Structure formats: C-alpha cells, structure tokens
Amino acid sequence: MTPTAIGVDVGGTKVNALRVTADGKVLDRATLPTPEDADTPVDVLIDAARAVLDVDVSVIGVGAAGLLERSTGVMRFAPNIAWRDAPILARVHEAFGLPTVVDNDCTTATFGEWRLGAGRGHDDVLYVGVGTGIGGGIVMGGSLQRGARGFAGEIGHLVVEPDGPVCGCGNHGCWEVVASGNAIMRDGAAAVTRHEHSAIAILAGGEPDRVTGALVSQAARDGDATALGILAEVGHRLGQGIAGLVNVLDPSIVIVGGGVAEAGEQLLVPARASYLTHVEGRELRADVGIVEAELGPDGAAIGAAVLAMEEAAP
C-alpha cells in the first residue's frame, strides 16, 4: 500500500479536497461551496476531507486563505471568508487523528509549484495567486518563506489606490481590489448595463448578478472587445504590482496561479507588458519569466498534501 495524503484548499468560493500521491497524482476529489456563515467553514473543510478519506491516507494538509498563524494553526483573519480565530489545526486533527499541516493557501500553492510545477529548478520564486482576491507565496534561497507568524505573502493588500474601492480587509484601494477576480466581476457586471450588446451582457442574460470571472473570460475568448478590454486593464494592474514585488524580492521566476489565471495569455500578455514598463532596471531583468501555474486550480490542494507529506509524515 502506497501512502497518500489529503490536501484541502479552502478558498473564497469553494473548498477543494484531493487525495494525492507523493508525486502529485490526484486519486480522488470532492468540492463543496465555501459557506458564508462564520461558524461553518471548518465543518465544510472536514466534510470535504472525509469524502476522499481512504485507509492509505497518512497525513492531511490544509491550505486556507487568510492570516493563518503557523505556531497554532489558527486562522486569525480572512478578508474574503467569514471565519475569525478559527482553530483549523486542532479541529482537523480531532476529526481524523492524523498528522496535519495547516498553512496559507497561496503558501501551499507555492510549495506545489516549486516542487512539482512551474517553479522546478528555481531557488527564488514569487507566486501570485489571482482568485477572489490576490495572495502570494515566496521561495528565497531555496526555502519557503512564512515570516514571523506565518503571515508572509499577503501581497494583495498592498494599497495601490488609496481612494479606490473598499477591500475585504477594510482598507481602500488594495491591489486585489483592482487586479483580482472580484475586479473582473465588478467591471463585467458594470458592462452589462453600459454595453448591452456585448457578449458579456448576452451571456449574462442582461443580469449583472450573473457575471462571473469565467463568463468574462469566455466572452474574451469569443473575441468580445468589452471583455478583452476588462482583462487588459486587470492585466495591466496585475503587471504593475508584479513589477513592484520583483523590485523588492528579485525572483528568477513569477508564477501566476489561482482561478483567474485560467484566462491565460489574455491576462498575462498585458501583465507582462505592464511589468516591463514599471520594473526597475528592465534590461537587467529580461530573463524573469511571468508564467502560468502548471498545477492549475488544484495547485493549493496538491501543494498542501505534498507539504504535509514532507513536514508531518510519520
């Protein structure tokens, strides 16, 4: 019997649980919606993990969006999920009695890409997870960085537009407000009324509340000018932020993952162009690739499982 691990990714819209092998092969999966009730995200996490549990599972890894305190496994705050001071590590260990590792979801996605995906062979990696919000992960000198409390990588909450829209963290104009899936949805919903003949409006049936990031991406793939313009603007703002982070961290590669990354080159082409415009010493950094994550939307869950195998395997 080959040991396997459960990896669970708790994001702003869904909980994704996978049972995987040490090389990242997915053997089973379960997906549940992330609840809005502050008391239930951990219950749903446990339900999703139980759905893929098998006798050969030796460890459980959890990647959860928010400020996850590494020393205690407690989720102290999450801007896009209702939980506060949630004892994730204790609850999961109590439920299954298995060695458990809990970390930020973008940190686990970073680990997965570094070990098994687009970051293989690199010692200095910046991961940018673009989904409901924006999260990040950092590898420097061949080591995964967590910071003093485990809060490192909250790159989406750099304030780039002080008078901009309010963010889930309470500040105004955070990077994730202008360059995430929420930004695409917000601009797409506005386009339904402003551009009633656009593919976005048609696909949404004229109802702004039906607009999703996936719908805007589909309209862009169909050549809709309004949708392409939205992705170009979000990509531009994404590239601006990446340039600032490259100036600070000097990575050899930037990996863009998360649900919005499924827009692919329609998002990354304008992001790369904007990055080159704003990064310091562009002629010295021409080899810094901005690439799409290889593990796709499963990256955080796969990374959580592989991380647990490395750090908690009996």
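In this text, all values refer to a predicted model and were calculated from it rather than measured experimentally.

What counts and what doesn't
Residues numbered from 1 in each chain as written. Predicted model: local features only at pLDDT ≥ 70, side-chain atom pairs only at ≥ 80, totals over all residues. Heavy atoms only, no water. Axes fitted to C-alpha atoms, helices over the stretch in contact; angles between N-to-C directions. Helix = DSSP H or I, 4+ residues; strand = E, 2+ residues; numbered from the N terminus. Parallel < 35°, antiparallel > 145°, perpendicular 65-115°, else oblique. Left-handed = near helix turned anticlockwise from the far one by under 90°. Contact = heavy atoms within 4.5 Å. Salt bridge = Lys/Arg side-chain N within 4 Å of Asp/Glu carboxyl O. Buried < 20%, exposed > 50% of the residue type's maximum accessible area, 1.4 Å probe, protein only. 1 Å grid on protein atoms, 1.4 Å probe; cavity = no way out; pocket = protein on both sides within 12 Å on 5 of 7 lines; lining within 4 Å. Points joined across faces, edges and corners; volume = space filled by probe spheres on them. Nonpolar A, V, L, I, M, F, W, Y, C, P; charged D, E, K, R; others polar. Phe/Tyr/Trp six-rings, centres within 6.5 Å; stacked < 30°, edge-to-face > 60°. pLDDT = per-residue confidence, 0-100. Pairing = 2+ DSSP bridges. Polar contact = N/O pair within 3.5 Å; in protein donor to acceptor, adjacent residues only side chain to side chain. Core = buried A, V, L, I, M, F, W, Y, C linked by side-chain atoms within 4.5 Å.

A closer look at the packing of helix H1 (residues 41–51) against helix H2 (residues 88–96)
At a minimum axis separation of 10 Å, H1 and H2 run at an interaxial angle of 40 degrees. In terms of orientation, H1 lies oblique with respect to H2. Here H1 runs over H2; the crossing is right-handed. Here Val42, Asp43, Leu45, Ile46, Ala49 and Arg50 of H1 lie close against H2, whose contacting residues are Ile88, Arg91, Val92, Ala95 and Phe96.

Topic: the environment of Ile88
Summarising the element assignment, Ile88 is placed in helix H2. Excluding residues that lie within four positions of it along the chain, Ile88 makes contacts with Val42, Leu45, Val62, Ala64, Leu68, Gly73, Met75, Trp83 and Val102.

Comments concerning the pattern of salt bridges
Applying the stated criterion to the full structure yields 16 salt bridges. Asp103 is the salt-bridge partner of Arg146, the closest N and O atoms lying 3.0 Å from each other. Of this pair, Arg146 sits in the loop between strand S11 (143–144) and helix H4 (175–179) while Asp103 sits in strand S8 (residues 100–104); the two residues are 43 residues apart in sequence, bridging distant segments of the chain. In this structure Arg146 comes out as buried when scored by relative accessible area, which is 12%. Taking the relative accessible area as the measure of exposure, Asp103 reaches 2% and is therefore buried. Bridged by salt links that share partners, the residues Glu69, Arg76, Asp85 and Arg149 form one connected network.

A closer look at the layout of surface pockets
In this model, the largest pocket occupies a volume close to 1000 Å³. As for the largest pocket, its lining consists of 43 residues, of which Val130, Gly131, Thr132, Gly258 and Gly259 are closest to the centre. Residue classes in the lining of the largest pocket are distributed as 14 nonpolar, 22 polar and seven charged.

Describing the packing of aromatic side chains
One pass over the full model with this rule turns up one aromatic pair. Ring centres 6.0 Å apart and planes at 80 degrees place the aromatic pair Phe111 and Trp114 in the edge-to-face group. Highlighted residues: Phe111 and Trp114, both in helix H3 (residues 105–116), separated by three residues, approximately one helical turn. Classification of Phe111 by relative accessible area gives buried; the value is 2%.

Notes on the confidence of the model for the protein chain
Counting all residues, the mean pLDDT for the protein chain is 92, and 98% of those residues have values of 70 or more. The spread of mean pLDDT over the elements of the protein chain runs between strand S7 (residues 84–86), the lowest at 89, and H3, the highest at 97.

What about the sheet that holds strand S4 (residues 57–64)?
Spatially, five strands are ordered S3-S2-S1-S4-S8 in an open sheet, and the strand pairing comes out mixed. Two strands lie at the open edges of the sheet, namely strand S3 (26–33) and S8, each paired on one side alone. For this sheet the average axis-to-axis angle between neighbouring strands, irrespective of direction, equals 15 degrees. Alignment of strand S2 (residues 14–20) against S3, held across seven bridges, turns out to be antiparallel. Residue pairing for S3: Ala17 is matched across the bridge by Ala30. Sheet strands in contact with H1 are strand S1 (4–10), S2, S3 and S4, and its direction is about 150 degrees off that of S3. The strands that helix H10 (residues 299–312) touches are S1, S2, S3, S4 and S8; relative to S1, the one it contacts most, it runs at about 130 degrees.

Looking at the side chain of Ser274
Relative to the assigned elements, Ser274 resides in helix H9 (residues 265–278). Using a relative accessible area of 3% as the deciding quantity, one classes Ser274 as buried. Among the polar contacts listed, one links the side chain of Ser274 to the backbone nitrogen of Gln240, at a separation of 3.4 Å. Residue contacts for Ser274: discarding those within four places in its chain leaves Gly235, His236, Gly239 and Gln240.

Considerations on the sheet that holds strand S6 (residues 74–77)
The three strands are arranged S5-S6-S7 in an open sheet whose pairing can be described as antiparallel. Both edges of this open sheet fall to strand S5 (67–69) and S7, since each of them pairs with a single strand only. The sheet shows a mean angle of 20 degrees between the axes of neighbouring strands, direction not considered. As judged from the three bridges shared by S5 and S6, these two strands associate in the antiparallel manner. The residue bridging Leu68 from the neighbouring strand is Met75, located in S6.

Digging into the nonpolar core
By size, the foremost hydrophobic cluster in this structure holds 43 residues, and its most contacted members are Val128, Trp175, Ile200, Leu238 and Ile242. It is helix H8 (residues 225–249) that contributes the most residues to this core, ten residues altogether.

A look at the pairing of S2
The side chains of a regular strand alternate, first on one face of the sheet and then on the other. Judged by how many residues are buried, S2 sits mostly within the fold: six of seven residues are covered. Bridge analysis of S1 against S2 gives six bridges, and the strand direction is antiparallel. From the neighbouring strand, Val8 faces S2, where its bridge partner is Ala17. The turn joining S1 and S2, which pair antiparallel and follow one another in sequence, is formed by three residues.

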